[in-house]
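Structure assessment
Here is what each chain is made of, one letter per residue.
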Amino acid sequence: MRILVATAVPAERDAVARAFPGPATETRLPAGTLHRFHASAHAPDATPPCSATTTAPDHGDTPPALPTGPEYDLLAAGVGPALAAASVAGALTAAVLEGRPYGLVVSAGIAGGFAPDAPLGSLVLADEITAADLGAETPDGFLPVTDLGFGTVTHHPPRHLVRAAATATGARTGTVLTVSTVTGSAGRAAELRARHPRALAEAMEGFGVAEAAAAHATPVLELRAVSNPVGPRDRAAWRIDDALTALTTAFGKLTPVLESWNPHEP
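This write-up is about the structure you can find in this document. Everything numeric here is computed off the predicted structure, so don't read it as measured data.

Time to look at the packing of aromatic side chains. Summed over the entire model, instances satisfying the criterion amount to 2 aromatic pairs. With 5.0 Å between their ring centres and 15° between their planes, F20 and F37 make a pair best called stacked. With F20 in the loop between α1 (10–17) and β2 (24–29) and F37 in strand β3 (residues 32–38), this residue pair connects regions lying 17 residues apart in the sequence. For the pair F20 and F37, a shared accessibility class is recorded, and that class is buried. An angle of 50° between the planes, with centres 4.8 Å apart, marks the rings of F20 and Y72 as tilted. Here Y72 lies in strand β5 (residues 71–76) and F20 lies in the loop between α1 and β2, a separation of 52 residues in the sequence. In this structure, F20 and Y72 share a single accessibility class: buried. Geometry around Y102 places R2 over its ring, the cationic atom sitting 4.5 Å from the centre.

Printed below as a string of structure tokens:
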């Protein structure tokens, strides 16, 4: 199975890459540069160099022969739901045009965690990927776009895959919110938690990634490592390096689950 892993920034992409042994190839697409790995073994502490830059084949070209086994393409898709959706949609479309579509998209990276359920350094897997601020403000409060009669605000990853991934990684499962503006106050954190009682974390890309995946009828998974608490903006409390290390370790444990996953299970 071919798997697309979408992060926001190169530091997150590189943290995921460290879970794979051996070198990567680079494939340049309009959506960005894909770092490609073929999984034959798992060594979470290995640091893979990149090599062999290629470009996407033109129409009519024969794609190069590839090794057998699962294939992972890592993409730094950009910050925010709109850019993430555009980049992932471009990568998914290019894969279809190659005749080698993806079987799964994973949104991965760091996130803010809602205390006390998602402490610093912990892992969160989304069983619901929800756009927290897609809707309208009214005199009676916020209305999600679904209450306005159109659109969607939540995507659901495959339940069996979420359970298996949580068991393998030790991640907590719950709602991961997608926001366009990172929370910076206790009041805003409390408001989000009141509207979404199962929320464990907030990030900025998951819903955009999920929208692009849904347009291609491709399953999606979201994995986050908590780098900071959701609430008042206090950079001294951030633990980004620890979260990136946790993300690497988690992917080393996650890849065997992805490779044995049966996409026909719900």
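Continuing now.
Axis angle and axis distance: for two packed helices, these are the angle between their axes and the distance between the axes, and together they describe the pair. Their axes nearest at 7 Å, the elements α1 and helix α6 (residues 240–260) cross at an angle of 40°. By the criterion of interaxial angle, the relationship of α1 to α6 is oblique. The chirality of how α1 crosses α6 is right-handed. Facing α1, whose interface residues are A11, E12, A15 and V16, α6 presents L244, L247, T248 and F251. When its residues are assigned to classes, the contact of α1 with α6 shows 6 nonpolar, 1 polar and 1 charged.

Turning our eyes to something else, we now look at the environment of A111. Structurally, A111 is set in strand β6 (residues 104–113). For the pair A111 and M204, spaced 93 residues apart in sequence, the C-alpha separation works out to 8.3 Å. For A111, the contacting residues outside a window of four places in its chain are A201, E202, A203, R224, A225, V226, S227 and N228.

Take the pattern of salt bridges next. Counted by the stated rule, this structure contains 15 salt bridges. In this structure, R2 engages E71 in a salt bridge whose closest nitrogen and oxygen atoms are separated by 2.9 Å. Pair noted here: R2 is in strand β1 (residues 2–7) and E71 is in strand β5, with a separation of 69 residues, a long-range link. We classify R2 as buried; its relative accessible area is 7%. Where E222 meets R224, a salt bridge forms, and the shortest distance between an N and an O atom there is 2.9 Å.

Calculation notes
Residues numbered from 1 in each chain as written. Predicted model: local features only at pLDDT ≥ 70, side-chain atom pairs only at ≥ 80, totals over all residues. Heavy atoms only, no water. Phe/Tyr/Trp six-rings, centres within 6.5 Å; stacked < 30°, edge-to-face > 60°. Helix = DSSP H or I, 4+ residues; strand = E, 2+ residues; numbered from the N terminus. Buried < 20%, exposed > 50% of the residue type's maximum accessible area, 1.4 Å probe, protein only. Lys NZ or Arg CZ within 6 Å of the ring centre and 35° of its normal. Axes fitted to C-alpha atoms, helices over the stretch in contact; angles between N-to-C directions. Parallel < 35°, antiparallel > 145°, perpendicular 65-115°, else oblique. Left-handed = near helix turned anticlockwise from the far one by under 90°. Contact = heavy atoms within 4.5 Å. Nonpolar A, V, L, I, M, F, W, Y, C, P; charged D, E, K, R; others polar. Salt bridge = Lys/Arg side-chain N within 4 Å of Asp/Glu carboxyl O.

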